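Overview (structure and organization)
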Amino acid sequence: MVLILFLFLLGCEKHDNRNNDTEVQSNTESFKPNEQQQVEETIKIGFAMDTLTEERWLKDRDFFRMSVEELGAEVEIMASHGDDALQIWQAETMISKGIDLLVIVPHNAESTAAIVEKAHSAGIKVLSYDRLVKNAEVDMYLSYDNEQVGALQAQAILEIVPKGRYVYIGGAETDNNAHMAKKGVFEVLQPHIDKGDITVVFDQWTKDWEPANAKENIELALKANNNNIDAVIAANDATAGAVIEVLESRGLAGEIPVAGQDADLAAIQRIIKGTQTMTIYKPIKELTDLAAELAIKLAKDEDVGEIRDVVKINNGQMEVPSILLSPTTVTQTNIEETIIADDFHTRNEIYLQKDKSD
Ligand code: BGC
């Protein structure tokens, strides 16, 4: 009798142990299948950002969190502020914490290829966000049409300055977007350069997109040309702002058309004031909504082809399946129906804060 009782109790304990183990290890096996079926594991996304300096990246960060959470997933966000080694370390940290998918804004298009390899060896797919990772097996790329960004800038400035001496203040050479935008600018300018109507008298990258470096560039450009320049195309609003500061200090602001990109609040205010000619508007919420949807589909190994038109973009190693959203030109004439209509900046932010800063 004692032996039978002992064996019975031993059986119960083993049974309990196995039950506990399965609960800890996975949600797929259970003694209550109906309840368990409803508990789907929450998808965890890692968002490895670069800089948060430009205003747009704060929108990217906050809207992406919102977009992911609206779809019932979780996101961890880290920013490396222009430090390549830190960006690799942050991505590795998120990979080791068990994210299901990595979304990355590469600081350096080339060195982040190492991150893609690391993610893949852990079975995690990578979505290249806004900027393309070069020479790596990227699973998907989502951005705006960056060549179109440059083309729109050049078209807007050409309308005002069809003949003259142009300065090009590029973005960071380490950022593929800077190359795409420059390509777009020069494709539009080339026929006018060939005709002899346009001369590009200065053309330099801006290290790390830093306004201080853009300031140095425009000072060099003005010095080398005895202030004899007719137009400036700057790769974004932060660099355009630096250019305009220097022009202002020489009494040239408003005299020389300047193009930028991002629709920063300060840029919209400069456009109203007349010191900046145009900017490029890229609706960030549209990008983060799409990124969140793609990230979750990729994490679940689902087909993304139905969401939008997928094009192929070569990153030096492969044709990356990509989705490119359309940028829009903003000048004094359409701030209302673009920036304000979309609540990208409110009328109050634009006009009240502008009056304070004037
Ligand atoms: C983005 C711009 C941004 C710049 C600097 C680029 O890759 O396309 O919108 O201003 O990076 O952060």
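Residues numbered from 1 in each chain as written. Predicted model: local features only at pLDDT ≥ 70, side-chain atom pairs only at ≥ 80, totals over all residues. Heavy atoms only, no water.

Digging into the sheet that holds strand E11 (residues 311–314)
- Taken together, 7 strands build an open sheet; the order of strands is E2-E1-E3-E4-E5-E12-E11 and the sheet is mixed. Edge positions in the sheet fall to strand E2 (74–79) and E11, since each of these pairs with one other strand and no more. The sheet shows a mean angle of 30° between the axes of neighbouring strands, direction not considered.
- When strand E1 (residues 44–49) meets E2, the two strands line up parallel, connected through 6 bridges. Looking across to E2, one finds that Met 49 is bridged to Ala 79. (Pairing = 2+ DSSP bridges. Helix = DSSP H or I, 4+ residues; strand = E, 2+ residues; numbered from the N terminus. Axes fitted to C-alpha atoms, helices over the stretch in contact; angles between N-to-C directions.)

Considering the site of the ligand
- For the ligand, the set of nearby residues contains 13 residues, the closest of which are Glu 54, Trp 57, Arg 131, Asp 175 and Asp 262.
- The separation between an oxygen atom of the ligand and a polar side-chain atom of Asp 175 is 2.6 Å.
- Considering the ligand on its own, with 310 Å² of exposed area, one finds that the protein chains cover 99% of that surface.
- Broken down by class, the residue content of the shell around the ligand amounts to 2 nonpolar, 4 polar and 7 charged.
- Mapping the shell around the ligand onto the domain boundaries places at least three of its residues in each of domain 1 (44–138 + 284–324) and domain 2 (146–282 + 329–357). (Near = heavy atom within 4 Å. Polar contact = N/O pair within 3.5 Å; in protein donor to acceptor, adjacent residues only side chain to side chain. Areas by Shrake-Rupley, 256 points an atom, 1.4 Å probe, with all protein chains shown as cover. Nonpolar A, V, L, I, M, F, W, Y, C, P; charged D, E, K, R; others polar. Domains from an automatic or database assignment.)

Let's talk about the sheet that holds strand E8 (residues 231–234)
- Read from one edge to the other, the open sheet built from 4 strands follows the order E7-E6-E8-E9, with strand pairing classed as parallel. Of all the strands in the sheet, just strand E7 (198–204) and strand E9 (258–259) have a single pairing partner and so form its edges.
- Where strand E6 (residues 164–169) lies against E7, 6 bridges are found, and the strand directions are parallel. Residue pairing in the sheet places Ile 169 in a bridge with Gln 204 of E7.
- Strands E6, E7, E8 and E9 of the sheet are contacted by helix H6 (residues 146–160), whose axis makes an angle of about 165° with E8.
- Each of E6, E7 and E8 is contacted by helix H7 (residues 176–195), which is oriented at about 160° to E7, the strand it contacts most. (Contact = heavy atoms within 4.5 Å.)

Some thoughts on the pattern of salt bridges
- Inspection of the entire model under this criterion finds 20 salt bridges.
- Residue Arg 61 pairs with Asp 62 through a salt bridge whose shortest N-O separation is 2.9 Å.
- Of the charged contacts in the structure, one is a salt bridge between Lys 97 and Glu 76, with a shortest N-O distance of 2.8 Å. Here Glu 76 lies in strand E2 and Lys 97 lies in the loop between helix H4 (84–96) and strand E3 (101–104), a separation of 21 residues in the sequence.
- Residue Lys 97 is classed as exposed on the basis of its relative accessible area, which comes to 52%.
- Salt bridges here are not isolated pairs; linked through shared partners, they connect Asp 50, Arg 131 and Asp 175. (Salt bridge = Lys/Arg side-chain N within 4 Å of Asp/Glu carboxyl O. Buried < 20%, exposed > 50% of the residue type's maximum accessible area, 1.4 Å probe, protein only.)

Side note on the environment of Ile 43
- Residue placement: Ile 43 occurs in the loop between helix H2 (33–38) and E1.
- Judged by relative accessible area, which is 14%, Ile 43 ranks as buried.
- Each C-alpha atom, one on Ile 43 and one on Ile 296, is 7.0 Å from the other, the two residues being 253 residues apart in sequence.
- In contact with Ile 43, not counting residues within four places along its chain, are Ala 73, Glu 74, Asp 100, Ala 299 and Lys 300.

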